[in-house]
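Remarks on the overall topology
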There are 2 protein chains.
Amino acid sequence: MNERSFVLKGTICHSQSPDTLSIMDNAYVVCENGISAGVFSVLPERFQNLPLKDMGEKLITPGLVDLHLHAPQYCYRGTAMDLELLEWLNTITFPQEAKYKDPDYAQKAYSIFAQDLKMSATTRACIFGTLHVDATVLLMDLLEETGLKTMVGKVNMDRNGSPDLQEESSQASAADTRKWLSQVIGRYQNTQPILTPRFIPSCSDDLMRRLSEIQKEYQLPIQSHLSENFSEIAWVQELCPSSRFYGDAYSQFGLFGGEDCPTIMAHCVHSTDEEIALMKERGVYIAHCPQSNTDIASGIAPVRRYLDEGLHIGLGSDIAGGFSLSIFRAMADAIQVSKLRWRLLDDSLKPVTLEEAFYMATLGGGSFFGKVGSFEKGYEFDALVLDDSNLRHPQQLTARERLERFVYLSDARNITEKYISGNIITSNTLQGI
Amino acid sequence: MNERSFVLKGTICHSQSPDTLSIMDNAYVVCENGISAGVFSVLPERFQNLPLKDMGEKLITPGLVDLHLHAPQYCYRGTAMDLELLEWLNTITFPQEAKYKDPDYAQKAYSIFAQDLKMSATTRACIFGTLHVDATVLLMDLLEETGLKTMVGKVNMDRNGSPDLQEESSQASAADTRKWLSQVIGRYQNTQPILTPRFIPSCSDDLMRRLSEIQKEYQLPIQSHLSENFSEIAWVQELCPSSRFYGDAYSQFGLFGGEDCPTIMAHCVHSTDEEIALMKERGVYIAHCPQSNTDIASGIAPVRRYLDEGLHIGLGSDIAGGFSLSIFRAMADAIQVSKLRWRLLDDSLKPVTLEEAFYMATLGGGSFFGKVGSFEKGYEFDALVLDDSNLRHPQQLTARERLERFVYLSDARNITEKYISGNIITSNTLQGI
């Protein structure tokens, strides 16, 4: 028995499958050495010697997983909200990211980001840095201190950047990647590197070949962007005339899923049938980022199809295409945009349900990290304790109604405690984002 | 000089037209007897004897106006988010509204609503009650105490309700309306009655005729719903075969705008050219409710067209089709859905800008209340003092960037002070919604 062995009592909600959400009032979830021993309506005798924290009526859920966000963009979230992807990259994002060459600026900006992410509902995240080695190591150092479990990537981009934000050559990009990896591998408990070609327009064929070698050598997961915006897709086709579809431009270099190359692709708003089939075959994870896809007017991804066809899918805040760090908000956004898609585009794809949004935010994205995102026996014990008592109401509410309302109405103030692998990260704080 | 005469100094933002937003750092806005004397970069000598409150870097904006919300629905906002309009009315809304027959329940529910609305950014609102006279008077009593300026309607509905929520006859509905008016007219400083036929499917022709008489007799403004959802529109056509379009079903009874009948119609998602032309001719106000139109999958209103054609338009939270009381959130939602409309439906209608969203939330809706929604000389002094210091950033931000960010990222905690007609309503509170 140790500090990472205890029992929480409360209203326990967790996904068992994409459309099955278990909700139990006055139930117990047991954490043994940081691993869930399961949820019980009556606490089994063998756990009765563990410390019990009675959370009363509070909701207890798995931690939320953010499969896609850009740490350097956090500082300008919610500004310049009137541009589409490529214009936004060139006029806002590249000049902003160039600032991270300055370690003082990076320290200031990333400290704010790491503190706010710590206070949010997110327990695990896959994060883009910038192309700068030093700033990315700094970001990883700061994230390590938070106790959050993250995968972080130094960005690769050797073409189509800006004068201040582009690597000199594919060789230089690969060399910096190796330098970065040599500094961060083995350095952390909670923080892992993930290979991060920005997107096909930013990465020459030669760079992609070099990254593929690095991926194999270090057995790294990878993250990138896919089929987000029409202009971007057309550009990829121009840049890679031999590719059959956007995803194929990654796949040609062996950087598109498969057992040895766990892959997250953000967006997949306009994926073709062939691309979807290949994502399914290779187990590629889709990071669905509904807020970003709205803000930069990319469109609405066919999430119903991805869920029904059994693809891996989780949610991403995509800071700063999206402005909100909250994955509860991403759940609400996912439901909302799916309704508009159903109404405006294709009424054969039914809106996303609360159960499905909750699944994507927990188990759907969590499985990229292993046994994460559920309280089933054997899962890592990532948990949130949620206090909805400030959301007053005169009538009785079921636990499911409370959870649904929480998704739409809560903010960081409503998070009472946050655990990752059984370690407490934040407790009873009233500070928010 | 009195308590309602003072000067605020800060970063002052207000609309001068639908697409002109004045933003001045270190500026002064003068309130004389509850009326704005204008915004100045240097304080004129004649105002230098007034008490000056220096708000430092805080943003100062006009109060926000919510043109459409249902007070009895506030308690279940954010639940049952998987239904379309007509199903949602029948299975959720009507049974919930029926509870307001019980004065104890109404007291509990409306107290929460009034307190939360007081703490929000809203200074003026047009509010639906239920069909119950006593509960509606109670709601008005509670709102009066908050200091908010509101128009509140006892709902009329003599057909197509539920067993527990329908008036017995058109005579009974009209009689109850007169009873309600006799109780509330002259009773309040801040709270005014507004005639509130629920929507055409709820009101028989005979009831509409009676309401028209009452409207003329008491010179009341009216509020209702228009062209929200396809099934609703088809139903109106069935119920009123002689109407040329939905709005015509109100217009036939003289309840659709014109100088003597100030009218708010919520939604207008699917208005026809003829309907739009009539709204313009009659000066009908559109309450654009983007969140509600998303949540109950109604669609996306062509706001760009309404703005370009010079129709009156403001924003509505439409609690509980919408879940958020925040009109800052409604601004963000209006921009967001306009981008999706542009991308998915019609790229001839450009997305709504920050300037336009701000206009709709202030001056656009405010003008329904008279000279409200701006700091131009002669306007009623409704103001918010906004503290964005918890939204930390490492870089310089312009005042416009701060305002834009505020729209997307703020919550009720960021509201430092709220004034209505020069009276302070809330100050330095940290409690939120």
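For the structure, check the block above.
Residues numbered from 1 in each chain as written. Chains lettered and ligands numbered in written order. Predicted model: local features only at pLDDT ≥ 70, side-chain atom pairs only at ≥ 80, totals over all residues. Heavy atoms only, no water.

**Section: the overall build of chain A**
Scanning chain A for helices and strands turns up 13 helices and 17 strands. Over its C-alpha atoms chain A spans a radius of gyration of 21 Å, differing by no more than 12% from the 22 Å that the globule rule assigns to 433 residues. Seen along its three principal axes, the alpha-carbon backbone of chain A occupies a region of about 60 × 50 × 40 Å. When each of the 433 residues of chain A is scored for burial, the buried share is 68%. Restricting the contact set of chain A to residue pairs at least 6 apart, pairs at least 24 apart contribute 74%. Accessible surface, chain A as shown: approximately 14,700 Å² in total, 46% of it carbon and sulfur. Averaging the locations of the 39 positively and 56 negatively charged side chains of chain A gives two centres separated by 3 Å. (Helix = DSSP H or I, 4+ residues; strand = E, 2+ residues; numbered from the N terminus. Rg over C-alpha atoms; globule rule 2.2 N^0.38 Å. Buried < 20%, exposed > 50% of the residue type's maximum accessible area, 1.4 Å probe, protein only. Contact = heavy atoms within 4.5 Å. Areas by Shrake-Rupley, 256 points an atom, 1.4 Å probe, with all protein chains shown as cover. Lys, Arg positive; Asp, Glu negative; His and termini not counted. Charge placed at Lys NZ, Arg CZ, Asp CG, Glu CD.)

**Digging into the interface of chain B and chain A**
With 52 residues of chain B at the interface, the matching set in chain A holds 53 residues. Buried area between chain B and chain A, both sides added, is near 4,800 Å², and the carbon and sulfur share of it is 56%. Remark: the boundary between chain B and chain A carries four salt bridges. For A:Glu84, the salt bridge identified is with B:Arg343, shortest N-O distance 2.4 Å. Our count for the contact surface shared by chain B and chain A stands at 22 residue pairs in polar contact (both at pLDDT 80 or more). Broken down by secondary-structure element, the contributors of at least two residues to the side of chain B that touches chain A are helix 2 (103-119), helix 9 (290-295), helix 11 (327-344) and helix 13 (399-409) of chain B. Per-element tally for the side of chain B that touches chain A: the top contributor is helix 11 of chain B, with nine residues. In terms of residue class, the side of chain B that touches chain A is made up of 21 nonpolar, 15 polar and 16 charged. (Buried area = accessible area lost by both parts, 1.4 Å probe. Salt bridge = Lys/Arg side-chain N within 4 Å of Asp/Glu carboxyl O. Polar contact = N/O pair within 3.5 Å; in protein donor to acceptor, adjacent residues only side chain to side chain. Nonpolar A, V, L, I, M, F, W, Y, C, P; charged D, E, K, R; others polar.)

**Examining the packing of helix 12 (residues 354-366) of chain A against helix 13 (residues 399-409) of chain A**
Residues and elements named next belong to chain A. Following both chains from N to C, one finds helix 12 and helix 13 inclined at 65°, their axes separated by 11 Å at the closest point. You can see that helix 12 and helix 13 cross each other, and the crossing is left-handed. Only Arg400, Leu403, Glu404 and Val407 of helix 13 make contact with helix 12, whose side of the interface consists of Leu354, Glu355 and Phe358. Of the residues contributing to the contact of helix 12 with helix 13, the split by class is four nonpolar, no polar and three charged. (Axes fitted to C-alpha atoms, helices over the stretch in contact; angles between N-to-C directions. Left-handed = near helix turned anticlockwise from the far one by under 90°.)

**With respect to the sheet that holds strand 7 (residues 149-153) of chain A**
Residue and element names in this part refer to chain A. As summarised here, the arrangement of the four strands in space is 5-6-7-9, forming an open sheet in which the pairing is parallel. The strands lining the two open edges of the sheet, one partner per strand, are strand 5 (64-70) and strand 9 (191-193). Ignoring which end each strand starts from, the neighbouring axes of this sheet average 20° apart. Summarising the sheet, strand 7 and strand 9 pair through three bridges and their orientation is parallel. Looking across to strand 9, one finds that threonine 150 is bridged to threonine 191. Where helix 11 (residues 327-344) meets the sheet, its contacts fall on strand 5 and strand 6 (122-128), and the angle it forms with strand 5 comes to roughly 90°. (Pairing = 2+ DSSP bridges.)

**Describing the relation of the copies chain B and chain A**
When chain B is fitted to chain A, the best match, at an RMSD of 0.0 Å, comes from turning it 180° and sliding it 0.0 Å along the axis. Here the two chains are linked by the operation of a two-fold rotation axis. Of every C-alpha in chain B, the one belonging to B:Leu344 sits nearest the axis of rotation, 3.6 Å from it. Both copies share a contact surface, since 100% of the interface residues of chain B are interface residues in chain A too. (Least-squares fit on C-alpha atoms with pLDDT ≥ 70 in both.)

**Considerations on the packing of helix 3 (residues 133-146) of chain B against helix 4 (residues 170-184) of chain B**
Residue and element names in this part refer to chain B. Packing of helix 3 against helix 4 brings their axes to within 10 Å, and their N-to-C directions diverge by 30°. Here helix 3 is positioned roughly parallel relative to helix 4, judged by the angle of their axes. Crossing geometry of helix 3 relative to helix 4 is assigned as right-handed. Between helix 3 and helix 4, the contacting residues are Val133, Thr136, Val137 and Met140 on the first element and Asp176, Lys179, Trp180, Gln183 and Val184 on the second. (Parallel < 35°, antiparallel > 145°, perpendicular 65-115°, else oblique.)

**Observations concerning the packing of aromatic side chains**
Under the criterion given, the structure shown has 30 aromatic pairs over all chains. Judged by centre distance (5.0 Å) and plane angle (70°), the ring pair of A:Phe328 and A:Phe406 falls under edge-to-face. In this pair, A:Phe328 is assigned in helix 11 and A:Phe406 in helix 13, connecting sequence segments 78 residues apart. A:Phe406 carries the same exposure label as A:Phe328, and that label is buried. Here B:Tyr246 and B:Tyr250 contribute two aromatic rings whose centre-to-centre distance is 5.9 Å and whose plane-to-plane angle is 10°, an arrangement assigned as stacked. Taken together, the residues span about one helical turn, with B:Tyr246 and B:Tyr250 both in helix 7 (residues 246-251) at a distance of four residues. Looking at B:Tyr246, the relative accessible area reads 4%, which means it is buried. Chaining the aromatic ring pairs together yields one cluster made of A:Phe6, A:Phe375, A:Phe381 and A:Tyr419. When the ring centre of A:Phe6 is taken as origin, the NZ or CZ atom of A:Lys53, which lies over that ring, is 5.6 Å away. (Phe/Tyr/Trp six-rings, centres within 6.5 Å; stacked < 30°, edge-to-face > 60°. Lys NZ or Arg CZ within 6 Å of the ring centre and 35° of its normal.)

**Some details on the pairing of strand 7 (residues 149-153) of chain B**
Residues and elements named next belong to chain B. Buried residues dominate strand 7, accounting for five of its five residues. The two faces of strand 7 match: Lys149, Met151 and Gly153 on one face and Thr150 and Val152 on the other face are all buried. Of the pairings in the sheet, the one linking strand 6 (residues 122-128) to strand 7 comprises five bridges and is parallel in character. Within strand 7, the residue paired with alanine 125 across the bridge is threonine 150. Read as a crossover between parallel neighbours, the route from strand 6 over helix 3 to strand 7 is right-handed. (Right-handed = clockwise from strand over helix to strand, strands pointing away.)

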